[in-house]
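Spelled out from the first residue to the last, the chains are:
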Amino acid sequence: MTITIFHNPACGTSRNTLAMIRQSGEEPRVIEYLKTPPSREELIGLIRAMGITPRDLLRQKGTPYDELDLGNPKWSDDELIDAMLKGPILINRPIVVTPLGTKLCRPSEAVLDILPSPGIGTFTKEDGEVVIDQKGDRVV
């Protein structure tokens, strides 16, 4: 079984997501997308698989989103994809691909919905937020 995560090790959400995947017993293929950005075809395929638009995948915080005026509705989907390919920091993360689906895992516990073995046991995020309690129940 192959699980892939498009990961940014500097992002807490991405680190938490990766930790949950590993705690499920899987060792994913980790793509540090800032170092190895997806191809145009891969990015389009990920967007389609997630059932979202390119605009939905844009990251605003900590990126040149505002200075590039990417919130302006004048930009076509192809132009937004071009912007993400030119500046991969604009791609929101983490994106996880499993046999059960592809998902932008924000919040990180969204990964549990597509993990083949979601029973990961107790899990607490880096910031102290409990995701799975001691009884094994997901905290909502």
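Not measured: the values here are computed from a predicted model. (Residues numbered from 1 in each chain as written. Predicted model: local features only at pLDDT ≥ 70, side-chain atom pairs only at ≥ 80, totals over all residues. Heavy atoms only, no water.)

Chemist: Report on the nonpolar core, specifying residues and quantitative values.
Modeler: Counting residues in each nonpolar core, the largest one holds 19 residues, and the members touching the most others are Leu 57, Met 84 and Ile 95. Looking at this core, the elements that each hand over two or more residues are helix H2 (40-50) and helix H4 (77-86). Setting aside its immediate chain neighbours within four residues, Leu 57 contacts Leu 43, Ile 47, Met 50, Ile 52, Met 84, Leu 90, Ile 91, Asn 92, Ile 95 and Leu 104. Counting residues in each nonpolar core, the second largest holds 16 residues, with Met 20, Ile 21, Val 96 and Ala 110 among its members. (Core = buried A, V, L, I, M, F, W, Y, C linked by side-chain atoms within 4.5 Å. Buried < 20%, exposed > 50% of the residue type's maximum accessible area, 1.4 Å probe, protein only. Helix = DSSP H or I, 4+ residues; strand = E, 2+ residues; numbered from the N terminus. Contact = heavy atoms within 4.5 Å.)

Chemist: I'd love a proper account of the environment of Pro 94, names of residues and values included.
Modeler: With respect to the helices and strands, the residue Pro 94 is situated in the loop between H4 and strand S3 (95-98). Sequence separation of Pro 94 and Lys 135 is 41 residues, and the distance between their C-alpha atoms is 27 Å. Apart from the residues within four sequence positions on either side, Pro 94 is in contact with Ile 5, Phe 6, Thr 13, Ser 14, Thr 17, Lys 103, Leu 104, Cys 105 and Arg 106.

Chemist: Which residues make up unusual backbone geometry, and what are the values?
Modeler: Geometrically, the link from Arg 93 to Pro 94 is a cis peptide bond, its omega value of -5° lying close to zero. For the peptide bond that leads from Arg 106 to Pro 107, omega is 5°, which places it in the cis range. As for its position among the elements, Pro 107 is in the loop between strand S4 (101-104) and strand S5 (123-124). Even without being a glycine, Asp 69 presents a positive backbone phi close to 60°. Mapped onto the elements of the fold, Asp 69 is located in the loop between helix H3 (54-57) and H4.

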